[in-house]
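Spelled out from the first residue to the last, the chains are:
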Amino acid sequence: MARSAASSRGILLSVAYDGRPFAGFARQRDQRTVSGELLGALRVIDPGIREIRGASRTDAGVHARDQRVAFDTTAPLPTRGWVLATARHLPDEIVIRRAAVVRLGFSPRFESLRKRYRYLVLRDLVRDPFLSRRAWRVEGITDEAIERARAEALAAKGTHDFAAFRTSADERTTTVRTLYGVELSLDPADPRVVRIDVEGNAFLHNMVRILVGTLMDVARGHLAPGAIARALSSLDRRDAGITAPPDGLYLERIHLRDDGQEAWPAGPSDGSSGDGDDAEPTDLDAPAERAPEE
């Protein structure tokens, strides 16, 4: 007997994945993608699932620790069941870390308040097989170079027109974005690894990777200090630095207006304690346009 429409509900997932084997998040014909693998696994549980709605279209090779994905279902499965049952049908590179109940038609893309990306730079003379395609190896990044990049990053904070920090294929007419922070730090467990954390209300295509490339170009002396300010002023892509490879980019956290009910496991979607980094931006900081990116 067919289930009634009244039994339908939305499910919100937090999904982590190693992006190396995939041609990006969004489904593509004749390509292995994260959403394709995820939809296939979910349909084993409920063949009636028509689509999944992601918050961000990460590119080929880009990783995620907290991609947000929603879908509608009539399956009477508890949130714990979506996490555990689907795991049996997913490849090792993809895991559902959390599930919660949301309203029908819920779209994380349009519920996003802000996103945080992390980019990893490996400062080493030789490659590290354990960080292969998980970090961008860059030579010549001394402590002094990191300080130059840290000073350069200050210009990117705030609300600006980031037209110079996107690919030519990005045709969106609104290019003003707000960055709440661009921070550089060393990994306390491995000082060879430089962490670049970028948090904002929304992003253009390849915006984070171009920002990182510009920071590294200034750090290495390939660009004169002030490159970010010049690019923000001119709106000319030629004034910014190179586009960093996708290898070191991680979608770390997406903050939503509604994080769902009946969550399993309980707690923040990224597994953190939730202390200190969950404050929502004010209405003045809300994005003028919400669209998938990177």
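Quick look at the structure, then. (Residues numbered from 1 in each chain as written. Predicted model: local features only at pLDDT ≥ 70, side-chain atom pairs only at ≥ 80, totals over all residues. Heavy atoms only, no water.)

Another aspect to go through is the overall build of the protein chain. Counting its regular elements, the protein chain contains 6 helices and 11 strands. In the protein chain, which comprises 294 residues, the share counted as buried stands at 52%. Taking the intrachain contacts of the protein chain between residues at least 6 apart in sequence as the baseline, contacts between residues at least 24 apart amount to 74%. As displayed, the protein chain has an accessible area near 13400 Å², and 50% of this comes from carbon and sulfur atoms. (Helix = DSSP H or I, 4+ residues; strand = E, 2+ residues; numbered from the N terminus. Buried < 20%, exposed > 50% of the residue type's maximum accessible area, 1.4 Å probe, protein only. Contact = heavy atoms within 4.5 Å. Areas by Shrake-Rupley, 256 points an atom, 1.4 Å probe, with all protein chains shown as cover.)

Topologically, Thr142 is positioned in the loop between strand E6 (136–137) and helix H4 (143–153). A relative accessible area of 36% means that Thr142 is categorised as partly exposed. C-alpha separation for the pair Thr142 and Asp124, spaced 18 residues apart in sequence, amounts to 10.0 Å.

Turning our attention to the pattern of salt bridges. Any two side chains of opposite charge can pair, so long as their charged atoms come close to each other. This model, assessed by the stated rule, comprises 26 salt bridges. With a closest N to O distance of 2.1 Å, Glu252 and Arg65 form a salt bridge. One end of the pair, Glu252, is in strand E10 (residues 249–256); the other, Arg65, is in strand E3 (residues 63–73), with 187 residues separating them in the sequence. For Glu252, a relative accessible area of 9% gives the class buried. Across the salt bridge formed by Arg166 and Asp170, the nearest N and O atoms sit 3.7 Å from each other. (Salt bridge = Lys/Arg side-chain N within 4 Å of Asp/Glu carboxyl O.)

Right, let's talk about helix H1 (residues 34–45) for a bit. Its 12 residues place the ends of H1 17 Å apart at the C-alpha level, agreeing with the 16 Å of an ideal helix rising 1.5 Å per residue. Residues of H1 that are buried: Val34, Ser35, Leu38, Leu39, Ala41 and Leu42. Projected down its long axis, H1 shows its buried positions confined to an angular sector of 165°, all on one face. As for H1, its buried residues are in contact with strand E1 (9–17), E3, helix H2 (79–87) and strand E4 (94–102). Its side-chain oxygen at 3.1 Å from the backbone nitrogen of Gly36, Thr33 defines the N-terminal cap of H1. (Expected span 1.5 Å × (residues − 1). Arc of directions from axis to C-beta. Polar contact = N/O pair within 3.5 Å; in protein donor to acceptor, adjacent residues only side chain to side chain.)

Glancing now at the nonpolar core. Of all hydrophobic cores here, the largest spans 69 residues; its most connected members are Phe165, Leu179, Ile196, Leu215 and Met216. When neighbours within four sequence positions are excluded, Leu215 is seen to be in contact with Ala149, Glu152, Ala153, Val182, Leu184, Ile196 and Ile228. Listed in part, the 6 residues of the second largest apolar core include Leu131, Ala135, Val193 and Tyr250. (Core = buried A, V, L, I, M, F, W, Y, C linked by side-chain atoms within 4.5 Å.)

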